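Understanding the architecture of this molecule
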Amino acid sequence: MKQKTNTRFLPKGLTILHEDRDILVVDKPAGLLTIATDSEKSKTAYASLMDYVKKGSDRSKNRIFIVHRLDRDTSGVLVFAKTEVAKQTLQEDWDNTKKVYIAVTHGIWKLKQSSIQSYLTESKAHRVYSVDDPKLGKFSETKYKVLKESNLYSLLEIDLITGRKNQIRVHFAEKGHPIVGDTKYGNETKSFPRMALHSYSITLTHPFQKKPLTFITNIPNFITGLVGGYERIQDET
């Protein structure tokens, strides 16, 4: 049963897309961390939503659990569990969860629709990259198709088959088409207000109701504006 949102405790910058006794789904803005880092402990989606479910009471036993993460500069659908069992159930089925992203990359793609596969590993400096040896990395697959092009940029729909850290960003950068605004893998200065990567929709099986649920967000104007605008038809996915 979907719960009503109490706007008094609604975290700033976050939009709640769905809430019931088992899951909490939000639309995360760019610039907000999913969980704490060494340098940022409190200004996170996790901390804000923990306050939200506790409704301002430190004694409340309500809490949320991390199911997956979005990078700080990635906006869009983010799923949390409200029980340990729901978290485990969602994560065990995560490979079967359909995750669609929208991105704008530099340049014009030769192949307008394809799949990128590689084995990803991470350096001690926390930089993710592809390796040839399957024993040294985790298999990763990113499917994409070009939706619209301009002289400089390409708007892409991405079907994230596996969900490795920084996967989309690394795969596109290694193909010579880094995501616009990606200062880590695109070797850019901070010349854009944000990175042009958005978690557009997630379709999952509810951990207890066992029915499919799809959550869809609006594509930020900054992203579509890079290619002169784009109006998405809902049934494209």
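Summarised in this report is the structure supplied together with it. (Residues numbered from 1 in each chain as written. Predicted model: local features only at pLDDT ≥ 70, side-chain atom pairs only at ≥ 80, totals over all residues. Heavy atoms only, no water.)

Attention now goes to the side chain of S154. Looking at the secondary structure, you find S154 in strand β9 (residues 153-160). For S154, a relative accessible area of 0% translates into the label buried. (Helix = DSSP H or I, 4+ residues; strand = E, 2+ residues; numbered from the N terminus. Buried < 20%, exposed > 50% of the residue type's maximum accessible area, 1.4 Å probe, protein only.)

Looking now at the environment of T74. By the secondary structure assignment, T74 is in the loop between β3 (65-66) and β4 (75-81). Remark: the alpha-carbon pair of T74 and P29, spanning 45 residues in sequence, is separated by 7.4 Å. Other than its neighbours up to four places away in sequence, T74 contacts K28, P29, A30, Y101, R194, M195, L197, H198 and S199. (Contact = heavy atoms within 4.5 Å.)

Let us look at the pattern of salt bridges. All told, the structure shown has 7 salt bridges when counted by the stated rule. Between K112 and E149 there is a salt bridge, and its shortest N-O distance comes to 2.5 Å. Within this pair, whereas K112 is found in the loop between β5 (98-106) and β6 (113-122), its partner E149 is found in strand β8 (residues 138-149), the two being separated by 37 residues in sequence. Take K112: its relative accessible area is 35%, and that puts it in the partly exposed class. A salt bridge links E122 to K165; the nearest nitrogen and oxygen atoms lie 2.7 Å apart. Note that E122 is positioned in strand β6 and K165 in the loop between β9 and α3 (167-174), a separation of 43 residues in sequence. For K165, a relative accessible area of 44% translates into the label partly exposed. (Salt bridge = Lys/Arg side-chain N within 4 Å of Asp/Glu carboxyl O.)

Applying the stated criterion across every chain yields a total of 4 aromatic pairs. Seen in terms of ring centroids, W109 and Y144 are 4.5 Å apart; in terms of plane orientation they differ by 45°. Their pairing is tilted. You can see W109 sitting in the loop between β5 and β6 and its partner Y144 sitting in strand β8, a full 35 residues away along the chain. Each ring, one from Y144 and one from F172, has its centre 6.2 Å from the other, and the planes form 85°; the classification is edge-to-face. Here F172 lies in helix α3 and Y144 lies in strand β8, a separation of 28 residues in the sequence. Residue Y144 is classed as buried on the basis of its relative accessible area, which comes to 5%. Taken together through their ring pairs, the aromatic side chains of W109, Y144 and F172 make up a single cluster. When the ring centre of Y52 is taken as origin, the NZ or CZ atom of K55, which lies over that ring, is 4.2 Å away. (Phe/Tyr/Trp six-rings, centres within 6.5 Å; stacked < 30°, edge-to-face > 60°. Lys NZ or Arg CZ within 6 Å of the ring centre and 35° of its normal.)

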